[in-house]
Amino acid sequence: MQQLQKRLASQGNMQLSLETQAVLDELLKVSGPIRDHRDKMLAHYSLDHATKPDALKLPDIYYKDVEDAMDLVGEYMNLIEQHYTEWTQGYEHFAWQDDGDSLVGMLRNGLRYQEMLASQEVAFGVQDKWSAA
């Protein structure tokens, strides 16, 4: 998002850039503790946190912190979406009950289906148990 913000500032509408920057600043503040955990325990695995019980304690993270951060991500994206298309997305209405691997698998299957349609391996509009989905 910071890369996107740089592009908005250099190539986009200045008013949009100011509005999105305010939301991005709030997001960076809200997501700080989450980033600390990511940086020290997940992505880069801090040796101090792994081996020393007296290492500086990481800040607590609560479900509400993650929800607040995700709300700000949606707000940021919707400012851009609405500026260019006059539409917004209902990100808060989307819930996935599985993990990321399941989502990637579902997307991969969807892409494969598009390939099959393009090559006429399957026909569009055929009535089956998924037709009403």
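Here, every reference points to the structure presented above.
Residues numbered from 1 in each chain as written. Predicted model: local features only at pLDDT ≥ 70, side-chain atom pairs only at ≥ 80, totals over all residues. Heavy atoms only, no water.

A contiguous nonpolar surface patch, about 250 Å² in accessible area, is contributed by I61, V66 and M70. Mapped onto the fold, M70 is located in helix α5 (residues 63-85). By relative accessible area, M70 is classed as exposed at 54%. (Patch = residues over 30% accessible without salt bridge, like charges linked within 9 Å, V, L, I, M, F, W, Y side chains within 5 Å. Areas by Shrake-Rupley, 256 points an atom, 1.4 Å probe, with all protein chains shown as cover. Salt bridge = Lys/Arg side-chain N within 4 Å of Asp/Glu carboxyl O. Helix = DSSP H or I, 4+ residues; strand = E, 2+ residues; numbered from the N terminus. Buried < 20%, exposed > 50% of the residue type's maximum accessible area, 1.4 Å probe, protein only.)

Summarising the element assignment, E121 is placed in the segment after α6 (100-118). Those residues in contact with E121 that sit more than four places away from it in its chain are R112 and M116. (Contact = heavy atoms within 4.5 Å.)

Taken together, E67, D71, E75 and E92 make up a surface patch of like negative charges. By the element assignment, E67 lies in helix α5. A residue is classified by how much of its surface remains accessible, and E67, at 38% relative accessible area, is partly exposed. (Lys, Arg positive; Asp, Glu negative; His and termini not counted. Charge placed at Lys NZ, Arg CZ, Asp CG, Glu CD.)

At E86, a position not held by glycine, the phi torsion is positive, near 70°. Looking at where E86 falls in the secondary structure, it is placed in the loop between α5 and α6. Judged by relative accessible area, E86 falls into the exposed class, the value being 69%. Phi at Q120 takes a positive value of approximately 60°, unusual for a residue other than glycine. On the secondary structure map, Q120 appears in the segment after α6.

What follows is about the pattern of salt bridges. The final tally for this structure, using the stated rule, is 4 salt bridges. The residue E26 makes a salt bridge to K29 at a minimum N-O spacing of 3.4 Å. Note that E26 and K29 are positioned in helix α2 (residues 14-30) at a spacing of 3 residues, about one turn of the helix. When its relative accessible area of 32% is taken as the criterion, E26 is described as partly exposed.

One number sums up the size of the largest pocket: a volume of about 440 Å³. Considering the residues around the largest pocket, the lining is formed by Y63, V66, E67, M70, D71, V73, G74, E75, N78, Y91, E92 and F94. The residue inventory of the lining of the largest pocket, partitioned by class, reads 6 nonpolar, 2 polar and 4 charged. (1 Å grid on protein atoms, 1.4 Å probe; cavity = no way out; pocket = protein on both sides within 12 Å on 5 of 7 lines; lining within 4 Å. Points joined across faces, edges and corners; volume = space filled by probe spheres on them. Nonpolar A, V, L, I, M, F, W, Y, C, P; charged D, E, K, R; others polar.)

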